[in-house]
Amino acid sequence: MRIIWREELKEKSIIHFIGIKITCKKVPKGLIQNKKSQVEFYLIDAFEIFHFLPIYKKLLSDGIKVCIVAEPCAINTSKSWFDYETATKILKDLNIDYKTKCNPNAKVAITTQTPQILKKYHHKKAVLSYGIGLNKNNFSISPETCKNCDIRLVHGKYQKEKLSKYINKNKIFEIGYPKHEAFFEQKLNKNDLLKKYNITTTKPVLVYFPTWDEDSSIQLFGDEINALRNQYYIITKAHHCTYRLPEKQQDKDKLYKISDYVLEGNCSFEDAAMLGDFALIDAKSGASTEVPYLNKEIKTILLSPRQNLYDYFNDDIIKNTHIINSPDVLKQEIDFITKDNNINTGKKSIEYFYKTPAAGSTKYTADIIKGFLK
């Protein structure tokens, strides 16, 4: 364990949620509903598509009447938070059938958010996890994801232990990470990925994974990351909210100034993880555990703008990661980790966070859902 502190700062107010003014005033005509659907995946953000797809395709191949629902903002339960245009474009590009109006009578409805998002549905409500953040009030382990929930699908032991305080353990299922199951079969090659993105460099690659909200390190660490470009080729994987929300334009502009290459919000997370020799990851982000889960060889440092790490993060992150909250020491800490081939930066805890092996997670999840159709 190695923790680097920055000097105390005055307490700042925290913005917990950034919304967008509702722009859809009328319910659009020509909405399409699948009245016979048994299982529905309800979208409120484009990124969810990639988490739903493996399970959706497995259920479809098993003969289940399954549907992805993209309701326009005017009737979507998240209102104008939903990036409808991006989501429907992705679905069309992938040649995935979708409906624009939910079937309230579907036997199982699935979201990555809170069960409240599924308030239109009359039967079973399932919440699917999409990564693990390690701060004490992280969304992935919050009671809000369990209230009125019938099926809680989690990645592994860590989330199950945390959430069992809020929901019966019999309703929690450790499924691993279906989204990444195909990744482990493909075995992506870094050099092939560099060619894919037309990147030519002789420098080692540092990939930066900032989050988007009050815990983003972009403004605090940005200049120091920019100074590393003499030593590293800097690729940034932008958070999908940073990339699309007007309120985050300043952060988005900063990313382009400090990076050699920016991967947009809905770009492949797996590609980003495999491109790097080194990673800087915002400590609150699910990427803090997901990157080393995907890339066993990458070295990582976690970043946080928080003054008191012990007050904000669970002990898991303090014991099993390398975290700093002072930009002044960033370079020396990177050099320290780079030179020490034996240093542990979080890999030993991966099996605690994610059920392994990855193989079979999609079938297992589909079987759980089918069990609730009987």
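Everything that follows concerns the structure shown earlier in this document.
Everything numeric in this text was worked out from a predicted model, so none of it was measured. (Residues numbered from 1 in each chain as written. Predicted model: local features only at pLDDT ≥ 70, side-chain atom pairs only at ≥ 80, totals over all residues. Heavy atoms only, no water.)

Just checking my understanding: could you explain the packing of helix α1 (residues 48-61) against helix α15 (residues 361-371) for this structure?
Between two packed helices, both the angle of their axes relative to each other and the distance between the axes serve to describe the pair. Remark: α1 packs on α15, axes separated minimally by 9 Å, with the N-to-C direction vectors making an angle of 65°. α1 and α15 meet at a crossing whose hand is right-handed. Within the contact between the two elements, α1 uses P54, I55, K58 and L59 and α15 uses T362, K363, T365, A366, I369 and K370. Class assignment of the residues belonging to the contact of α1 with α15 gives a composition of 5 nonpolar, 2 polar and 3 charged. (Axes fitted to C-alpha atoms, helices over the stretch in contact; angles between N-to-C directions. Helix = DSSP H or I, 4+ residues; strand = E, 2+ residues; numbered from the N terminus. Left-handed = near helix turned anticlockwise from the far one by under 90°. Contact = heavy atoms within 4.5 Å. Nonpolar A, V, L, I, M, F, W, Y, C, P; charged D, E, K, R; others polar.)

Explanation requested: helix α8 (residues 249-258) in the structure shown.
Residues three or four positions apart in an α-helix share a direction because the helix packs 3.6 residues into each turn. Every buried residue of α8 is listed here: D251, K252, K254, L255 and I258. For α8, the angular spread of buried residues about the axis comes to 160°, placing them on one side. Projecting away from the buried face of α8 at angles above 90 degrees are the exposed residues Q250 and K257. Next to the buried residues of α8 lie β8 (205-209), α6 (218-227), β9 (233-237), α7 (240-244) and β10 (261-263). (Buried < 20%, exposed > 50% of the residue type's maximum accessible area, 1.4 Å probe, protein only. Arc of directions from axis to C-beta.)

Help me understand the environment of H180, please; the structure alone is not making it clear to me.
The residue H180 is located in the loop between β7 (172-174) and α4 (181-186) in this model. With relative accessibility at 0%, the residue H180 sits in the buried group. Setting aside its immediate chain neighbours within four residues, H180 contacts E270, E290, Y293 and L294.

Where do I start with the nonpolar core in this structure?
Side chains of nonpolar character tend, in soluble globular proteins, to be buried together. Membership of the largest hydrophobic core comes to 47 residues, with the highest contact counts inside it found for F209, I235, L275 and V291. By residue number, the principal contributor to this core is helix α9 (residues 269-275), which donates 5 residues. With near-sequence residues (within four places) excluded, F209 lies in contact with K237, F269, A272, A273, A279, L280, I281, D282, A287 and V291. Listed in part, the 34 residues of the second largest apolar core include I96, Y98, A126 and L153. (Core = buried A, V, L, I, M, F, W, Y, C linked by side-chain atoms within 4.5 Å.)

Can you help me understand the pairing of strand β4 (residues 108-111) in this one?
Within a regular beta strand, the side chains point alternately toward one face of the sheet and then the other, so they alternate between its two faces. Every second residue of β4 is oriented toward a common face, with V108 and I110 on one face and A109 and T111 on the other, all of them buried. Strand direction decides the pairing type here: β4 and strand β5 (residues 124-128), joined by 4 bridges, are parallel. From the neighbouring strand, I110 faces β5, where its bridge partner is A126. (Pairing = 2+ DSSP bridges.)

Explain the pattern of salt bridges to me, please; I cannot follow it from the model alone.
Should the charged atoms of two oppositely charged side chains come close, the side chains can pair. A complete count under the given rule lists 18 salt bridges for this structure. Between K58 and D62 there is a salt bridge whose closest N-O contact spans 3.4 Å. Taking relative accessible area as the criterion, K58 reaches 24% and is therefore assigned partly exposed. A salt bridge links D271 to K196, with the shortest nitrogen-to-oxygen separation between them at 2.7 Å. Here the residue D271 occupies a position in helix α9, and K196 occupies one in helix α5 (residues 190-196), the gap between them amounting to 75 residues. Using a relative accessible area of 4% as the deciding quantity, one classes D271 as buried. Exposure remark for K196: the relative accessible area of 51% places this residue in the exposed category. Residues joined in a network through salt bridges with shared partners are K58, D62, K363, D367 and K370. (Salt bridge = Lys/Arg side-chain N within 4 Å of Asp/Glu carboxyl O.)

Hey, could you run me through the packing of aromatic side chains in this one?
Each aromatic ring pair is described using two quantities: the centre-to-centre distance and the angle formed by the ring planes. Under the criterion given, the structure shown has 19 aromatic pairs. Taken together, a centroid distance of 6.2 Å and an interplanar angle of 90° make the contact between F173 and F372 edge-to-face. Of this pair, F173 sits in strand β7 while F372 sits in the segment after α15, and the two are 199 residues apart along the sequence. For F173, a relative accessible area of 17% gives the class buried. Judged by relative accessible area, which is 27%, F372 ranks as partly exposed. Centroid distance Y177 to Y293: 6.4 Å. Interplanar angle 20°. Geometry classified as stacked. Taken as a pair, Y177 in the loop between β7 and α4 and Y293 in helix α10 (residues 287-294) lie far apart in primary sequence, 116 residues in all. Of the two residues, Y177 and Y293, neither departs from the other in class, the shared state being buried. Three or more aromatic residues joined by ring pairs make a cluster, and in this case those are Y177, F183, F184, Y293 and Y354. (Phe/Tyr/Trp six-rings, centres within 6.5 Å; stacked < 30°, edge-to-face > 60°.)

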